[in-house]
Amino acid sequence: MNLMHEKKQGHKILIGMVHCLPLPGTYGAETTIGQVIARAVSDAKLLQACGFDAVMVENEDLGTAPRMSKIQYAGMSMVAQAVRSAVSIPMGLCCGGLNYEEALSICQVAGGEFFRAPIFVDTVMNYNGIIPPCSPQVLEYRRKIGGEHIQILADIQVKYYYMVNSSISITQSARWAERQGADAVIVTGSASGVETSMEDLQKVKGSISTPVAVGSGVTVDNIAQQIKWADILIIGTALRKDGKMTQPIDPCRAKAIVAAARGK
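Our subject in this report is the structure included herewith. The shown structure was predicted, so the numbers you read here are calculated from the model rather than taken from an experiment.

**Quick look at the sheet that holds strand 11 (residues 232–235)**
- Around the barrel, eight strands lie side by side as 1-2-3-4-7-9-10-11; this closed barrel has parallel pairing. Neighbour-to-neighbour, the strand axes of this sheet turn through a mean angle of 25°, independent of strand direction.
- Bridge count for strand 9 (residues 184–187) against strand 10 (residues 212–214) is three bridges, and the pairing is parallel. When the bridges of strand 10 are listed, Ile-186 appears paired with Ala-213.
- Relative to the sheet, helix 2 (residues 33–50) contacts strand 1 (13–19) and strand 2 (54–58), its axis offset from that of strand 1 by approximately 160°.

**What to know about the pattern of salt bridges**
- All told, the structure shown has seven salt bridges when counted by the stated rule.
- In this structure, the salt-bridge partner of Arg-262 is Asp-53, at a minimum N-O distance of 2.9 Å. Of this pair, Arg-262 sits in the segment after helix 9 (251–261) while Asp-53 sits in the loop between helix 2 and strand 2, and the two are 209 residues apart along the sequence.
- Residue Arg-262 is classed as partly exposed on the basis of its relative accessible area of 32%.
- Look at Asp-53 and you get buried, because its relative accessible area is 17%.
- Of the charged contacts in the structure, one is a salt bridge between Asp-155 and Arg-116, with a shortest N-O distance of 2.7 Å. Of the two residues, Asp-155 sits in strand 7 (residues 151–155) while Arg-116 sits in strand 4 (residues 114–117), which places them 39 residues apart along the sequence. Each member of the pair, Asp-155 together with Arg-116, is buried.

**Here's the deal with the sheet that holds strand 6 (residues 129–131)**
- Strand order in the open sheet made by the three strands is 6-5-8, with antiparallel pairing throughout. A single partner strand is all that each edge strand has here, and the edge strands are strand 6 and strand 8 (162–163).
- In terms of strand pairing, strand 5 (residues 124–126) meets strand 8 through two bridges, oriented antiparallel. Its bridge partner lying in strand 8, Val-124 is registered against Met-163.

**Examining the environment of Leu-21**
- Here Leu-21 is to be found in the loop between strand 1 and helix 2.
- With 227 residues separating them in the primary sequence, Leu-21 and Pro-248 have C-alpha atoms 9.6 Å apart.
- Non-local contacts of Leu-21, meaning those with residues more than four positions away in its chain, are made with Thr-31, Gln-35, Val-36, Arg-39, Glu-60 and Thr-246.

**Examining the layout of surface pockets**
- Considering only enclosed or pocket space, the second largest pocket measures out at about 170 Å³ in volume.
- Lining the second largest pocket are Val-124, Gln-157, Val-158, Lys-159, Tyr-160, Tyr-161, Tyr-162, Met-163, Ile-170, Thr-188, Gly-189 and Ser-190.
- Looking at the lining of the second largest pocket residue by residue, the class counts come to seven nonpolar, four polar and one charged.

**A look at empty space enclosed by the protein**
- A full pass over the atoms with the stated rule returns one cavity of 30 Å³ or more.
- Computed from the structure, the largest cavity encloses a volume of approximately 40 Å³.
- Around the largest cavity, the lining residues are Cys-95, Gly-96, Gly-97, Leu-98, Asn-99, Tyr-100, Ala-103, Phe-115, Arg-116, Ala-117 and Pro-118.
- If you list the elements that add at least two residues to the lining of the largest cavity, you get helix 4 (100–110) and strand 4.
- When residues of the lining of the largest cavity are assigned to their parent elements, the largest contribution, three residues, is made by strand 4.

**Concerning a nonpolar patch on the surface**
- On the surface, Met-125, Ile-130, Tyr-162 and Val-164 cluster together into a nonpolar patch covering about 430 Å² of accessible area.
- Here Tyr-162 shows up in strand 8.

**What to know about the pairing of strand 11**
- Where burial is concerned, the two faces of strand 11 agree: the one with Ile-232 and Ile-234 and the one with Leu-233 and Ile-235 are both buried.
- Inspection of the sheet shows strand 10 paired to strand 11 by two bridges, in the parallel sense. Note that in strand 11 the partner of Val-214 across the bridge is Leu-233.

How each quantity is defined
Residues numbered from 1 in each chain as written. Predicted model: local features only at pLDDT ≥ 70, side-chain atom pairs only at ≥ 80, totals over all residues. Heavy atoms only, no water. Pairing = 2+ DSSP bridges. Helix = DSSP H or I, 4+ residues; strand = E, 2+ residues; numbered from the N terminus. Axes fitted to C-alpha atoms, helices over the stretch in contact; angles between N-to-C directions. Contact = heavy atoms within 4.5 Å. Salt bridge = Lys/Arg side-chain N within 4 Å of Asp/Glu carboxyl O. Buried < 20%, exposed > 50% of the residue type's maximum accessible area, 1.4 Å probe, protein only. 1 Å grid on protein atoms, 1.4 Å probe; cavity = no way out; pocket = protein on both sides within 12 Å on 5 of 7 lines; lining within 4 Å. Points joined across faces, edges and corners; volume = space filled by probe spheres on them. Nonpolar A, V, L, I, M, F, W, Y, C, P; charged D, E, K, R; others polar. Patch = residues over 30% accessible without salt bridge, like charges linked within 9 Å, V, L, I, M, F, W, Y side chains within 5 Å. Areas by Shrake-Rupley, 256 points an atom, 1.4 Å probe, with all protein chains shown as cover.

Geometry only, nothing functional implied.
Written as structure tokens, this is what we have:
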């Protein structure tokens, strides 16, 4: 299933997050690669069984470095391949920060259909310093590896980072992302689990023709409102036991989210 094709058919897309346990080589990691794979596969299977349209595998980096280490990259490749073999729905990747080469490479070899680019057109900063955008490099690398079929879901003014130039509006970032070839634009709150501003969502939706995704804070209580404006809903924290990232997917929570999205 091509996500953008489904959107063009008028379908709202639910993407369930497969948040990996910390990969080997990650600051503070205590899990083996076998444990990481087992949790990821279990979560992905549950999301498919509960009715999600796609899954997105994301590495958990407790240090949130903008670039992955080689051992993290190797581990993420193994996790993605295991998830791809375990489910039949589309799979995508989020490797965080500036890891577009890693995400695209893994998608190309493991059969991923899309990836999330957290930093695409905005110049942002956090405790790692100032981080520049990379949209031209993303497009060039995707072309270089023959991965034009891999779709780009680009964050704008992404959570956990501050804009270096705060006078740039979110609608301007959205237009830049559209012009730079994003297949969908993601609007988020300030952190994982923080509700996305309806005002921001409506502004972005009204400013571009590219599909718009909600990237944080979707819950069973607000999804009916969010889905009126969003074409894609990326859901993670609300699906986990006690709403904690370290916990596995709770099938009751996942089923309730899907039912609310489908108006059941």
